[in-house]
Every structure is written in structure tokens, then in C-alpha cells.
Amino acid sequence: MILSLYAILFCIPFVCASLQNINDTCIYILDSGSASSNNTRALWDILLSCGWTLFACTWTAVHPNIPGMNEGKVAIISRRLFIMAMALIAPELMITWATRQFFSARAAAKDFNDYLDTQPTKVYGDRWTITHGFFVWMGGFMLCVNDEPRATLTPDNLLHFVDEGSVDMPVISQVEVEDRSKGDGLSKGISILQLAWFVVQLFARYVQNLPITLLEIDTLAIAALTCISYGLWWKKPKDVGCPCIVHWKGTANQLNRLTYKYVVYIFALNCSDLPAF
């Protein structure tokens, strides 16, 4: 909530500058051709600048969950585009979603670390971090019975099965989880540079009392709110394609009630009927 307030306050000076230009008697005409001076920009310059900034922010900031086993490329891309559209139309919902995932991941890591502390005689590898929490909530562990996928395990399912001895505790380090992520420093750096260049450009026009379009104000607001979601998802693995396999040690008859289902929680811990992003 505080971050959202800061983002709004950050945009206020630029909004005021835009309103002053609207109220001026001098009307600036944006030509679609080339600019005639340093203070005049072509229409395509503004559209490309805003478009690239929005694309860089939304495409990089979105961290979708692991796709279901039966999902194809078209379904995966369509889901990502839908999330990007939601980020453009209602960025506050993205912040809500990212916030709930952040706290859910932190709670999951704490629950597993508390369980590990109660098992001093067993060696389970490294302690869980918030990256592990994100990984398990995004469908990172798939239960297999006789080499057949049966269900995506939620943190509660996994901890319950490990406690009763039905499955072994997955041993995966934070480095291994991050290695599955498709996000790298180059893609993040390019997005940050694009956003920084856009902000510096608007700030320079504001200082020089040059006109700022409403499209640029809207782009700046969306980018500022998207950065909040990006910060909350900073430790979440990005574009992981395959889950980690957890093998069932009991008999298959004990799991007849389980069928494959891609379960993902978005706004709450127990909302499996919500659409999976």
C-alpha cells in the first residue's frame, strides 16, 4: 500500500505539468512526420517510446506459474498475453496478486524450515528460502506414481506427505531453482534501462517546461505500478517449463482419489477454483 502511494506521488509532478500544457493557449501539434526541432517530437516517436516502455515492463515483470502438463504453446502464450493485458488495464490487481504470492511463498518457506528444525537427525540439504516458497506455490513439485504424473503438490500436500513418509523431502538448492528460471540479468537490465531512459526523458521535459502528453503520463503510472509487482516477484523463478518430480513411495491404490490437476492459488491459499495464471 505504501509503495502504491509512493508511485502515485511520483507521478503527480508530471500530471501537473501535463495539465498546465493543456490549459495553455498555445496548442502543440504533433506531426506524424519528422520533428522540426529538438523541442518538437513526432507522433511516432511518442508512440514507440511509450509502446517499448510498456512492453519492456509488462513482459519482463510477468512471472507466470509452471504450465500444466496438457497445456500447449498456444495456451501458454495466450495466458501470458492475458496477464500482460491485465497489467495494462488493472495494474493494481497485479500488485494484489504479487503481494499475496509473496506472503504465501514466505509462509511456505517458514513452514518447511520449521519442519526441518524438528528433524535434527535427518539431512535434507539447504534450508528453504522464499525462492523455494515461490517454486512450490507455482507448481514446482509434481507427484508421480509409477512414473505417471498424478497431481501438482501444494505446500500443504507436500509437507503432509513428507511428514507421513509417503514421499521423500525434495532436495533442491536455491541455485538449482534459479537455474531453472529463464530470467537473467541481461533481460532485467534492458528493461530497467528502458524504463530509466523514459523517466529521465520525461523529467528533462518537465524541468524545461516542455509539453508532456497524457499517453506518457499513463505509461509512467503503469510502469511505476508494474515495478512494484516486479519487486515482489524478484525472487520468483521466471518461465520455468517443467516441475521437479516427487515419487510416491507407497502403493498406487492409496492414491486412487488423486487425478492430475493443475492447481494454482492466486489471491488466497485455498482458492483452487480461481483461473490459473
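To start, this report covers the structure provided alongside it. The structure presented is a predicted model; accordingly, all values stated were derived computationally and were not measured.

Procedures and definitions
- Residues numbered from 1 in each chain as written.
- Predicted model: local features only at pLDDT ≥ 70, side-chain atom pairs only at ≥ 80, totals over all residues.
- Heavy atoms only, no water.
- Axes fitted to C-alpha atoms, helices over the stretch in contact; angles between N-to-C directions.
- Helix = DSSP H or I, 4+ residues; strand = E, 2+ residues; numbered from the N terminus.
- Parallel < 35°, antiparallel > 145°, perpendicular 65-115°, else oblique.
- Left-handed = near helix turned anticlockwise from the far one by under 90°.
- Contact = heavy atoms within 4.5 Å.
- Nonpolar A, V, L, I, M, F, W, Y, C, P; charged D, E, K, R; others polar.
- Salt bridge = Lys/Arg side-chain N within 4 Å of Asp/Glu carboxyl O.
- Phe/Tyr/Trp six-rings, centres within 6.5 Å; stacked < 30°, edge-to-face > 60°.
- Lys NZ or Arg CZ within 6 Å of the ring centre and 35° of its normal.
- Disulfide = S-S within 2.5 Å.
- Buried < 20%, exposed > 50% of the residue type's maximum accessible area, 1.4 Å probe, protein only.
- Pairing = 2+ DSSP bridges.
- Patch = residues over 30% accessible without salt bridge, like charges linked within 9 Å, V, L, I, M, F, W, Y side chains within 5 Å.
- Areas by Shrake-Rupley, 256 points an atom, 1.4 Å probe, with all protein chains shown as cover.
- Core = buried A, V, L, I, M, F, W, Y, C linked by side-chain atoms within 4.5 Å.
- Expected span 1.5 Å × (residues − 1).

A separate point is the packing of helix α4 (residues 91–117) against helix α9 (residues 214–232). Across the interface, α4 lies against α9 with an axial gap of 9 Å and an inter-helix angle of 15°. Comparing their axes, α9 and α4 come out roughly parallel. Crossing of α4 over α9 shows left-handed handedness. Within the contact between the two elements, α4 uses P91, M94, I95, A98, T99 and F102 and α9 uses L225, I228, S229 and L232. Residue composition of the contact of α4 with α9, by class: eight nonpolar, two polar and no charged.

Within the structure shown, the criterion is met by four salt bridges. Measuring nitrogen to oxygen at the nearest pair gives 3.0 Å for the salt bridge that ties K249 to D168. Within this pair, whereas K249 is found in the segment after β3 (244–247), its partner D168 is found in the loop between α6 (155–164) and α7 (174–180), the two being separated by 81 residues in sequence.

Direction vectors running N to C along α4 and α6 enclose 10°, while the axes themselves pass 11 Å from each other. Comparing their axes, α6 and α4 come out roughly parallel. Contacts between α4 and α6 involve A108, D111, F112 and Y115 on the former and, on the latter, P155, L158, L159, V162 and D163. In terms of residue class, the contact of α4 with α6 is built from seven nonpolar, no polar and two charged.

Once that is clear, we can look at the packing of aromatic side chains. Going through the model one piece at a time under the given rule, you end up with nine aromatic pairs. An aromatic cluster of at least three residues, connected via ring pairs, comprises F112, W128, F135 and F141. Above the ring of W59, the side-chain terminus of R80 is found at 4.0 Å from the ring centroid.

If you walk through the whole model with that rule in mind, you get zero disulfides. The structure places no disulfide on C244, whose sulfur is separated from the nearest cysteine sulfur, that of C144, by 9.8 Å.

Looking now at unusual backbone geometry. Located in the positive-phi region is N209, a residue other than glycine, with phi close to 60°. You can call N209 exposed: its relative accessible area is 53%. Located in the positive-phi region is D239, a residue other than glycine, with phi close to 55°.

The strand order across the open sheet built from three strands is β2-β1-β3, with neighbouring strands paired in mixed fashion. Of all the strands in the sheet, just β2 (148–152) and β3 have a single pairing partner and so form its edges. Strand-to-strand, the axes of this sheet are offset by a mean angle of 40°, without reference to chain direction. Alignment of strand β1 (residues 141–145) against β2, held across four bridges, turns out to be antiparallel. When the sheet's bridge partners are listed, M142 is paired in β2 with T152.

On the surface, a nonpolar cluster with roughly 990 Å² of combined accessible area is contributed by L43, W44, L47, L48, W52, F55, W59, I77, L81 and L215. If you list the elements that add at least two residues to the nonpolar patch, you get α2 (43–61) and α3 (73–89). Counting residues per element, the nonpolar patch draws most heavily on α2, at seven residues.

Buried together is how nonpolar side chains tend to be arranged in soluble globular proteins. Counting 26 residues, the largest nonpolar core has W128, F135, V136, F141, L158 and V167 as its most contacted members. Of all the secondary-structure elements, those providing two or more residues to this core are α4, α5 (130–137), β1, α6 and β3. Apart from the residues within four sequence positions on either side, V136 is in contact with A108, W128, F141, L153, T154, P155 and L158. Counting residues in hydrophobic clusters, the runner-up holds 16 residues, among them V62, M84, A87 and I228.

End to end, α2 covers 27 Å across 19 residues, agreeing with the expected 27 Å (1.5 Å per residue, within 8%). Regarding α2, the residues found buried are I46, S49, C50, T53, L54, A56, C57, T58, T60 and A61.

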